[in-house]
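Examining the three-dimensional arrangement
Chain by chain, the residues run as shown.
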Amino acid sequence: MPEETLRGFILQPSYRIEGGRPVVHLWGRLEGGDTFLIRDRRLVPHFYVRRADAERARRLGAANQRPSERRGLDGAALVRVELATPGETPPLRDRLQREGIACYEADVRFAMRYLIDRRIRGSLTVAGDWRRGRGVGRVYEDPEVAPGEWSPRLSVLSFDIETDPRARRLLSMGLWGCGAAEVLLLTPEGWTAPPEAIAVANEAELLRRFAQRVRELDPDVLTGWNVDDFDFPVLLRRAEELGVPLALGRGPGRVRRQAGRSIRQPTRISVPGRLVLDGIQLLRGAFVKMDDYSLDAVAREVLGEGKTLGGGGDRAQEILEAFRRDRPRLVEYNLTDARLVVEILDQLQLVELAVERSRLTGLPPDRVASTVAAFDFLYLSELGRRGLVAPSVVRRDQPRAMGGGHVLEPRPGLYRNVAVLDFKSLYPSLIRTFHLDPVAWVPEGAGEDGPPAEEVVVAPNDAAFRRRPTILGGLLDRLVPRREAAKAAGDRVASYAIKILMNSFFGVLGTPVCRFYNPEIADAITSFGRRLLRWCRDRVEAAGRPVLYGDTDSLFVETGEAEPAAARRLAAELASKLSREVADHVRSTWKVESRLEVEFERLYLRLFLPPARHGKRGARKRYAGLVEEGGERRVVFTGLEVVRRDWTDLARRAQRQLYERLFADQPVEDYLRELAAELRAGRLDDLLVYRKVLRKHPDAYTSTTPPHVAAARKGEARPGRRVAYVVTRAGPEPADAPTAPIDYGHYLDKQLQPVADPVLALLGLDFAKVVGEDRQLDLF
C-alpha cells in the first residue's frame, strides 16, 4: 500500500529471531482505528566496554567491535561490542564482568533499546509501505518511525473463569466488553444450559470458543481480577493437558507467563499483539489504597455493589453447587464478575492512567508501575543525545543506609486553626534548584580532575554537583508546566501520571537495583530538605508563630487566629512570604536560583497531636484534625488506627466517633460506656473481625505463631489470601466458623482502650472508670 504518515500507540514491543537475525516487533493501534505491526531488522544488538579493555574483551569473546565516539558517565572512552542476537549478550556480559571488565548498557532489553534510541514514548508516527496482515490491520517492514503525540481509547475485554474448588476443571467463563456480554457454560450431554448462556460440550471446546471469541472481538486489552495469578495459569495448564492451542493473539505465538517474585515484580502475561492488564495490579500500581483487594471488596468500595454469590462461607463450594443445581445463578455470578472489573477500571480510569504513564515513560502499559525501568528509559534517552553511556546494573549485597525526611518533634495537645504550610513537590524542586543529578555529581576525591570550587554546589551532606544544566532538571522543567496545564484543564489522569513520575525520581536514585543508584545523590536531596525545613521553622517561630509539628516538607503552624477566615488569610500571607525568604536564602547561600515554593495546603479547624503511648513526648506521624472542604466538615486521620488495615472495624468506628465528639466539644463518656455495653452484649460481633494476609503456608511459621496463622491452621486459608479471624476464649479462630464464645475482654483491652486512651487522657478521664471496672468479668 502507498506510504502515508499516521500516528499510533504501542501496545507491545518485542522481538523475534528470523533467519538468525533479531527483528523488532511493535504491535499497536493507529489513530484511524487499524491495528498495526511494525517489523524492523535494522537494530544490531550491542553494548559497550572501555577502550582500554577492548583487547582483553576480544580475547574473552567480544570479537565484533566497532569504534565509538560515546563515553561513559565516568568519562571513559568506549568501544561498541556487537552481537548476532540479543540472547548472546547475557553470557558474554557475565563472562567479561567476572574478569573485571566493566560493561555499559549490556542489560537493556532489545526492543526497549530500539525505542530508547528513537525517544519514542508510547505514541509514535509511522510512514512507509504496508500490507494487510493476518489478525492485524497493517504490517510495516522497516518503516520510518518517530516520536508522536496521541492518546488512544483502548478496547477492553474482561473475562472471568469459574472452576471446581481445586481449580482442576473449568466450569464456565464470562466475557464482558467490546460489545460482548456472554457466558460460555460447560454443558455435558444430558444437561441443559440457561438461555442466557452459550453451551459448550466439554472443556476443550470451551477453550477453543474462548480463543475464537477473543480473536473475533479483537480487544486491545485483556483484563480480569487476578487473571495473571489465577485465570491464566489455570487456562494454560488445562490447554496443555487437553492439547488445545490457546491462540489469543493478533499474530502467531503462544501465551507466555513470567512468574512474579513479589508485589513489586508481579506476574506478567504476554499475548502477541495485545495487552494483559490485571485489574488488581492496575489498582496497586496506581497507588490506590484498599483495606482488601478482593474483587468483592473493591467493587463494593468503588461501585457500591459486589459479587452475587458468597456470604462468608466457602465460595468455591457454593460455585460448584450452583453449577450442579442452579446454573442460571452461576451464569449471573460469572458475568457479574467480568462486568465489575470493567466498571471498576472505567470508574477509576485505570486503563487511561496506564496509557498516560506509557506516553510519559516509554514503557508499555503493562510495565508502567516499574519506576526503575521508567527512570532508565527517560535517562538513557537523554544520555544518548549527549553521547554518553550508562553502566550496567551492578549487584549490591549491602546497599548503604540513607537519611530520610526530617520530622520535627510534635507538641502534644488539642489546637484550633492550625495551618499546614507545604513545600510544593519538594524533592523535584530540590533537584531542579541545586543541580542534583548523576551527570553533575562530582565524586569524592576528584582532586585536580574536578571542577573549580566556584563551579560547584555543595550539599549539606558534602556531596558536590557541577553548576550546569542537568538531565533530571531538564526533564522536570518540562514536566512541571505540563502538570500545571493538565490540572488547569481538569485532566486528572494526565496530572496524576506526571505526579507519579516526578515523585519517583528521588526514590530510584536510592534503589540498589537501579543502574543510577547513588546514595550520595539521594542523601544530598534529603539533606537539603532537612536543612530547609528547619530553616523555615526557625523563620516562622522568629515571627511569633509556634510550629507544632513538621514532617519532610510540611510545617504545622498555630495561627493564633480565632476565626477560620482570618487564619486562612494569615496562612496564605505566611506561605508567600516564606517562599520569597527561601529564594533569598538559597541565592545568598548557594548562589543558585530557587525553584522552591511554599504553599498554604490546608487549615485544621481543630488539630489533635497525641502523645506517644508510653511517654509524654509527641507521637510522630500520628494526628487527627477537623477540616472544612467544599462547605462540609470532616475528620481526617494520619497514622491512627482508623486508617490502618490491621485494626478491627470496632476500633475504627470508635476512634472516628470519639474524635468527632472531641472536635465538636461534646462529651465522650456516655458514648464509650454505651459502646462497651453493646460489645459485651454481643451486638457488635460483625465489627470484631481482624484481617491479615497469609504470606506463606501456615505450617511454615515455626519460630512464632501470629494470631492470623493460628486461625488459618483451623481453617482452609492459602498463602497470599487474607485471613479473617476473631479472638475467642479458645484463641484466634476463623471468622466464618468460630467454635468458642467471643473474648469480649480482649476487644475492650486491645481494640477499644488503645484508641480511647489519648482522648481520655486529654480530658483527664480513665478508661476503666468510664466503661466500668467489670470489663474482664465476661472471661469467667
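Residues numbered from 1 in each chain as written. Predicted model: local features only at pLDDT ≥ 70, side-chain atom pairs only at ≥ 80, totals over all residues. Heavy atoms only, no water.

Counting its regular elements, the protein contains 21 helices and 33 strands. Radius of gyration (C-alpha) of the protein: 30 Å, near the 28 Å computed for a compact globule of 780 residues. Each of the three principal axes of the protein carries a C-alpha extent, and together these read 90 × 85 × 50 Å. Within the span of the protein, comprising 780 residues, buried residues form 53% of the whole. Intrachain contacts of the protein at a sequence separation of at least 6 include 66% that bridge at least 24 residues. Working note: accessible area of the protein is about 35,300 Å², and carbon and sulfur atoms make up 47% of it. For the protein, the distance from the average position of its 123 positive side-chain charges to the average position of its 111 negative side-chain charges is 4 Å. (Helix = DSSP H or I, 4+ residues; strand = E, 2+ residues; numbered from the N terminus. Rg over C-alpha atoms; globule rule 2.2 N^0.38 Å. Buried < 20%, exposed > 50% of the residue type's maximum accessible area, 1.4 Å probe, protein only. Contact = heavy atoms within 4.5 Å. Areas by Shrake-Rupley, 256 points an atom, 1.4 Å probe, with all protein chains shown as cover. Lys, Arg positive; Asp, Glu negative; His and termini not counted. Charge placed at Lys NZ, Arg CZ, Asp CG, Glu CD.)

Let us look at empty space enclosed by the protein. Summed over the entire model, instances satisfying the criterion amount to 2 cavities of 30 Å³ or more. Each pocket or cavity is described by its volume, and for the largest cavity that value is around 60 Å³. Lining the largest cavity, in full, are Arg357, Leu360, Thr361, Val368, Thr371, Ala374, Ala497, Ile500, Leu501 and Ser504. Secondary structure elements with two or more residues in the lining of the largest cavity: helix H10 (350-361), helix H11 (371-385) and helix H14 (492-509). (1 Å grid on protein atoms, 1.4 Å probe; cavity = no way out; pocket = protein on both sides within 12 Å on 5 of 7 lines; lining within 4 Å. Points joined across faces, edges and corners; volume = space filled by probe spheres on them.)

Counting 165 residues, the largest nonpolar core has Leu430, Phe434, Phe505 and Tyr659 as its most contacted members. A total of 10 residues in this core trace back to one element, the largest contributor, which is helix H15 (residues 519-542). Not counting chain neighbours up to four residues away, the residues in contact with Phe434 comprise Val457, Phe465, Phe528, Leu532, Val586, Trp590 and Val592. The next biggest cluster of nonpolar side chains, apart from the first, holds 30 residues, and it includes Met173, Leu175, Leu184 and Leu246. (Core = buried A, V, L, I, M, F, W, Y, C linked by side-chain atoms within 4.5 Å.)

Quick look at the layout of surface pockets now. Gaps left between atoms are located by rolling a probe of water-molecule size over the structure's atoms. Space inside the second largest pocket adds up to approximately 830 Å³. Every residue lining the second largest pocket is counted, 35 residues in all, and those nearest its centre are Leu73, Asp74, Pro391, Pro438 and Trp441. Secondary structure elements with two or more residues in the lining of the second largest pocket: strand E5 (65-72), strand E7 (103-104) and strand E23 (441-442). Partitioning the lining of the second largest pocket into residue classes produces 18 nonpolar, 7 polar and 10 charged. (Nonpolar A, V, L, I, M, F, W, Y, C, P; charged D, E, K, R; others polar.)

Along the chain, Ser594 falls in the loop between helix H16 (564-590) and strand E28 (598-609). Within the structure, Ser594 has its side chain in polar contact with the backbone nitrogen of Leu596 (distance 3.0 Å). Leave out the neighbours within four places in its chain, and Ser594 touches Thr433, Val582, Ala583 and Val586. (Polar contact = N/O pair within 3.5 Å; in protein donor to acceptor, adjacent residues only side chain to side chain.)

This part takes up the environment of Leu684. Mapped onto the elements of the fold, Leu684 is located in the loop between helix H18 (669-680) and strand E31 (690-693). Considering only alpha carbons, one finds Leu684 and Arg58, 626 residues apart in sequence, at a separation of 75 Å. Those residues within four positions of Leu684 in sequence are excluded, and the remaining contacts are Leu650, Arg653, Leu675, Glu678 and Leu679.

A sheet is described by the order of its strands in space; here 6 strands give the open sequence E15-E14-E13-E12-E16-E19, paired in mixed fashion. Among the strands making up the open sheet, the edge pair consists of strand E15 (198-200) and strand E19 (275-278). Each adjacent strand pair in this sheet contributes to an overall mean axis angle of 25°, direction not counted. The strands that helix H4 (residues 203-217) touches are strand E12 (156-163), strand E13 (170-177), strand E14 (180-186), E15 and strand E16 (221-224); relative to E13, the one it contacts most, it runs at about 10°. (Pairing = 2+ DSSP bridges. Axes fitted to C-alpha atoms, helices over the stretch in contact; angles between N-to-C directions.)

Now for the sheet that holds strand E24 (residues 456-458). Pairing within the open sheet is antiparallel, and its 3 strands lie in the order E23-E25-E24. The open sheet is flanked by E23 and E24, the only strands paired with a single partner. Bridge count for E23 against strand E25 (residues 464-466) is 2 bridges, and the pairing is antiparallel. Bridge assignment links Trp441 to a residue of E25, and that residue is Phe465.

What follows concerns the confidence of the model for the protein. Per-chain confidence: the protein averages 91 in pLDDT, with 94% of residues scoring 70 or above. Predicted confidence is poor over residues 775-780, with pLDDT under 50, and the contacts of this stretch with residues over four places away or in other chains come to 14 contacts. (pLDDT = per-residue confidence, 0-100.)

Right, let's talk about the packing of aromatic side chains for a bit. Given two aromatic rings, one states the distance between the centres and the angle between the planes to describe the pair. Going through the model one piece at a time under the given rule, you end up with 22 aromatic pairs. When the ring of Phe159 is compared with that of Phe210, the centres are 5.2 Å apart and the planes differ by 45°; the resulting orientation is tilted. One end of the pair, Phe159, is in strand E12; the other, Phe210, is in helix H4, and 51 residues separate them in sequence. Taken individually, Phe159 and Phe210 each receive the classification buried, so the pair is uniform in this respect. (Phe/Tyr/Trp six-rings, centres within 6.5 Å; stacked < 30°, edge-to-face > 60°.)

Okay, the pattern of salt bridges next. Under the definition given, this model contains 66 salt bridges. With a closest N to O distance of 3.1 Å, Glu409 and Arg620 form a salt bridge. Within this pair, whereas Glu409 is found in the loop between strand E21 (407-408) and strand E22 (413-423), its partner Arg620 is found in the loop between E28 and strand E29 (623-629), the two being separated by 211 residues in sequence. For Glu409, a relative accessible area of 33% puts it in the partly exposed group. With relative accessibility at 43%, the residue Arg620 sits in the partly exposed group. The network of salt bridges with common partners includes Glu18, Arg39, Arg41, Arg131, Glu141 and Asp142. (Salt bridge = Lys/Arg side-chain N within 4 Å of Asp/Glu carboxyl O.)

Turning our attention to helix H8 (residues 315-325). When we look at burial in H8, the residues that qualify are Ile319, Leu320, Ala322 and Phe323. Buried residues along H8 cover an arc of 160° about the axis, so they all sit on one side. Buried residues along H8 sit against E12, E13, E14 and helix H9 (327-348). (Arc of directions from axis to C-beta.)

Closest axis-to-axis distance for the helix H12 (residues 426-434)/helix H13 (residues 471-488) pair is 9 Å, and the angle between their directions is 125°. Taken together, the axes of H12 and H13 are oblique relative to one another. For the element pair H12 and H13, the recorded crossing hand is left-handed. Between H12, through Pro428, Ile431 and Arg432, and H13, the contact on the second element is made entirely by Leu472, Gly473, Leu476, Asp477 and Val480. By residue class, the composition of the contact of H12 with H13 is 5 nonpolar, 1 polar and 2 charged. (Parallel < 35°, antiparallel > 145°, perpendicular 65-115°, else oblique. Left-handed = near helix turned anticlockwise from the far one by under 90°.)

Take the pairing of strand E32 (residues 722-728) next. The element E32 is largely enclosed, with a buried count of 5 among its 7 residues. Bridge count between E32 and strand E33 (residues 731-734): 4 bridges; the pairing is antiparallel. Note that in E33 the partner of Val726 across the bridge is Glu733. Counted between consecutive antiparallel strands, the loop separating E32 from E33 contains 2 residues.

Attention shifts here to the packing of H15 against H16. Orientation of H15 relative to H16, taken along the N-to-C sense of each, is 125°, at an axis distance of 11 Å. Between H15 and H16, the angle falls in the class oblique. Both H15 and H16 take part in a crossing whose hand is right-handed. Here Phe528, Arg531, Leu532, Trp535, Cys536, Arg539 and Val540 of H15 lie close against H16, whose contacting residues are Leu578, Glu581, Val582, His585, Val586 and Trp590. The residue inventory of the contact of H15 with H16, partitioned by class, reads 9 nonpolar, 1 polar and 3 charged.

Its place among the elements puts Tyr549 in strand E26 (residues 547-551). On the basis of relative accessible area, Tyr549 is assigned to the buried category, the value being 1%. Residues Tyr549 and Ile319 lie 230 residues apart in sequence; the distance between their C-alpha atoms is 53 Å. In this view, Tyr549 contacts Val407, Leu408, Glu409, Pro410, Ser554, Leu555, Phe556, Leu609, Arg620, Lys621 and Tyr623; residues no more than four positions away in its chain are not counted. From its side chain, Tyr549 meets the backbone nitrogen of Lys621 in a polar contact 2.8 Å long.

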